[in-house]
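# Working through the structure, step by step
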Amino acid sequence: MSSLGAVPGPHAPALDLQGRIALVTGAAGGIGRACALRLAAAGARVRAVDRDAAGLAELVEQARRAPDPAGGAVEPYVVDLTDLDAAEQAAAGTDVLVNNAGIQLVRPIEDFPPDVFHTVLTVMLEAPFRLIRGALPHMYEQGWGRIVNVSSVHGLRASAYKSAYVAAKHGLEGLSKTAALEGAPHGVTSNCVNPGYVRTPLVEKQLADQARAHGIPEERVLSEVLLTDSAVKRLVEPAEVAEAVAYLCGPQASFVTGTSLVLDGGWTAH
């Protein structure tokens, strides 16, 4: 057998994050909530970051009711990610960082409000940079860290009317790769998870926005716009994305870095 590294056996080790601190942004709902619950179930102490205090309170209660008493705790951090200094400070001392928070507005470029474009780039690209910046010193010091950036198929492909979102996700892909190259000598991996359309409030809002943009009823948007290029004709569930995030934090993914794990039902196969 090669001495280059350990090869996992037929039974891959379960994710064990006991003693680890994980930070998840956009944790009050959707993908973020699923990720926070999944990492807590693996034993992590989760810093759940969101500006939605009520949503975070619901998350904490949901985690408290989880059937596994050995699971980690979920701690609410009410932070607006446009406060970049606060975002960076929240990431200090974390072992696992999940950059998930996102916002969306669907408009033609000529009608896209510049202030909204700025806010989208701040929350979805500049804030992840500051969070990574805040987390890396601790990760480097201990020689281990996991950065997972929840990107999108729109980090790999573009769609009309989503200039800010597509620009932010493409930027996040580059940031993630750069963090992977810099972090590798220090035992830190950095990857993107790229879901297609996920069953979240953000996508539900897109249905209404796309209906206005295309001038068609909302019931036609899902099949004729959102899923028209998807081979699997359904939305991705938040728990499926959380499992992909968990995989990238596990020991069997220690050689996976600087890449994008796509969960899009064949959307980008075209």
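Going by the structure above, here's the rest.
Reading the values: the criteria
Residues numbered from 1 in each chain as written. Predicted model: local features only at pLDDT ≥ 70, side-chain atom pairs only at ≥ 80, totals over all residues. Heavy atoms only, no water. Helix = DSSP H or I, 4+ residues; strand = E, 2+ residues; numbered from the N terminus. Polar contact = N/O pair within 3.5 Å; in protein donor to acceptor, adjacent residues only side chain to side chain. Contact = heavy atoms within 4.5 Å. Core = buried A, V, L, I, M, F, W, Y, C linked by side-chain atoms within 4.5 Å. Buried < 20%, exposed > 50% of the residue type's maximum accessible area, 1.4 Å probe, protein only. Pairing = 2+ DSSP bridges.

### Focus: the side chain of N194
Note that N194 resides in strand 6 (residues 188–195). In terms of polar contacts, N194 uses its side chain to reach the side chain of S151, at 3.4 Å. Polar contacts involving the side chain of N194 include one to the side chain of E173, which spans 2.7 Å. With near-sequence residues (within four places) excluded, N194 lies in contact with S151, S152, V153, L156, E173, S260, L261, V262, L263 and D264.

### Overview of the nonpolar core
Formed by 35 residues in total, the largest nonpolar core has its most connected members in L17, L39, V46, V96 and V98. For this core, the secondary-structure elements that each account for two or more residues are strand 1 (21–25), helix 1 (30–41), strand 2 (45–50), helix 2 (53–64), strand 4 (96–99), strand 5 (145–150) and helix 8 (238–249). With seven residues, the single largest contributor to this core is helix 8. Setting aside anything within four residues of it in sequence, one finds V96 in contact with L17, I21, A22, L23, L39, M139, W144, R146 and C249. Within the second largest apolar cluster, 30 residues are counted, among which are A87, I132, L136 and A179.

### A word on unusual backbone geometry
Here the phi dihedral of Y161 falls at roughly 75 degrees; this positive angle occurs in a residue that is not glycine. Considering the arrangement of structural elements, one finds Y161 in the loop between strand 5 and helix 5 (163–183).

### Section: the pairing of strand 2
With five of six residues buried, strand 2 is to be regarded as a mostly interior element. As paired strands, strand 1 and strand 2 are joined by five bridges and run parallel to one another. Looking across to strand 2, one finds that A22 is bridged to V46. Sheet topology note: the strand 2/strand 3 (residues 74–78) ladder contains five bridges and is parallel. Paired with R47 across the two strands is E75, which belongs to strand 3.

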